[in-house]
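Commentary on secondary and tertiary structure
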Amino acid sequence: MEQKNEKVYIGLGSNMGDRLKYLTDAISMLKHTEGINLKSVSPVYETKPVGYTEQPNFLNCVVEIITTLSAHDILNLCMRIERDLDRKRTIRWGPRTADLDVLFYGNQVIDEKDLTIPHPRIQERGFVLVPLVDIAPDFKHPVFNKIVSELFHQFKGDYGNMDDIKLFDRIKK
Ligand code: X6L
Ligand code: MG
Ligand code: MG
């Protein structure tokens, strides 16, 4: 039987409590899931909040995994990890212990009511693009047909404020 492995990128964020521990625990939970092989963990950046700005700074990073799980399996797993890490959904775009967003699922384009892949805002968010460039500069966005380093170059011209993002730490794989 055919067993497909997909390269998947997940963006992680935290801006409550022990932010680095929440990111580390989320990555550990991904890594210990059957059907997931953790390939790469980007550096962790401290970033100014975007969207709803009256909240604490975030820590953000991106991981690459190889997986036999479906896109929906990955989405459900990310939501379960958020719940296990005590994420409460009160204010939209408000503070959270752990946020896991599926950025890419291989080169697949998925547009369903509960799941849009690639994540529709990758190209506008420094806190996603900067760590993504670190681990996947040559990965091609399947909608824009541009590689991540090109999206980042464009971001700096269109939206970017590189003062809003600073290298913070590293998490061991
Ligand atoms: C107008 C209206 C312009 C809304 C932008 C941007 C909304 C980003 C939500 C927006 C708008 C978001 C993080 C964050 C959030 C994070 C940092 C979001 C969802 N998550 N800021 N803000 N890191 N630095 O992970 O991304 S809320
Ligand atoms: Mg998010
Ligand atoms: Mg999210």
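Everything that follows concerns the structure shown earlier in this document.
Let me begin by describing the structure that accompanies this report. This is a predicted model, so every value here is computed, not measured. (Residues numbered from 1 in each chain as written. Chains lettered and ligands numbered in written order. Predicted model: local features only at pLDDT ≥ 70, side-chain atom pairs only at ≥ 80, totals over all residues. Heavy atoms only, no water.)

A closer look at the environment of Ile-147
Rules: Here a strand is any run of E in DSSP of at least two residues, a helix any run of H or I of at least four, and the numbering for each starts at the N terminus. Buried residues are those whose accessible area, probed at 1.4 Å on protein chains only, stays under 20% of the maximum for their type, while exposed residues exceed 50% and partly exposed ones sit between those limits. We call two residues in contact when some of their heavy atoms are within 4.5 Å.
Within the secondary structure, Ile-147 sits in strand β9 (residues 146–147). Note on Ile-147: relative accessible area 22%, which makes it partly exposed. Along the backbone, Ile-147 and Glu-112 are 35 residues apart, and their C-alpha atoms lie at a distance of 24 Å. Setting aside its immediate chain neighbours within four residues, Ile-147 contacts Pro-137, Asp-138, Phe-139 and Lys-140.

So, the site of ligand 1
Under the convention used in this document: It suffices for a single heavy atom of a residue to lie within 4 Å of a molecule or strand for the residue to be listed as near it. Counted as a polar contact is a pair of N or O atoms within 3.5 Å, where, for protein atoms, one must be capable of donating a hydrogen and the other of accepting one, and residues adjacent in sequence contribute only when both atoms are in side chains. Throughout, the ten residues Ala, Val, Leu, Ile, Met, Phe, Trp, Tyr, Cys and Pro are labelled nonpolar, Asp, Glu, Lys and Arg are labelled charged, and all others, Gly among them, are labelled polar.
Close contacts around ligand 1 come from Thr-47, Lys-48, Pro-49, Val-50, Gly-51, Phe-58, Asn-60, Trp-93, Arg-96, Arg-125 and Phe-127, and that covers them all. The separation between an oxygen atom of ligand 1 and a polar side-chain atom of Arg-125 is 3.0 Å. Considering only residue class, the shell around ligand 1 consists of five nonpolar, three polar and three charged.

Let's talk about the coordination of the magnesium ion (ligand 3)
Using the following cut-off: Distances decide who is a donor: an N, O or S atom must be within 2.8 Å of the metal, or within 3.2 Å for Na, K and Ca. Water is not included, so sites may look incomplete.
Those donors, Asp-99 (OD) and Asp-101 (OD), are the protein atoms that reach the magnesium ion (ligand 3), and they lie 2.1 to 2.2 Å from it. Between the magnesium ion (ligand 3) and the magnesium ion (ligand 2) the interatomic distance comes to 3.5 Å, and Asp-99 is a ligand of both metals.

Here we look at the pairing of strand β4 (residues 58–67)
Basically, it comes down to this: A pair of strands is treated as paired once DSSP finds two or more bridges between them.
Taking burial as the measure, the ten residues of β4 include nine buried ones, the bulk of the element. Across nine bridges, the pairing between strand β1 (residues 6–14) and β4 is antiparallel. Note that in β4 the partner of Ile-10 across the bridge is Val-63. Relative to β4, strand β2 (residues 36–41) is paired through five bridges, and the arrangement is antiparallel. Its bridge partner being in β4, Asn-37 is matched across the sheet by Ile-66. In this sheet, β4 lies alongside strand β3 (residues 44–47) in antiparallel orientation, the contact comprising three bridges. Across the sheet, the residue bridging to Glu-46 is Leu-59, located in β4.

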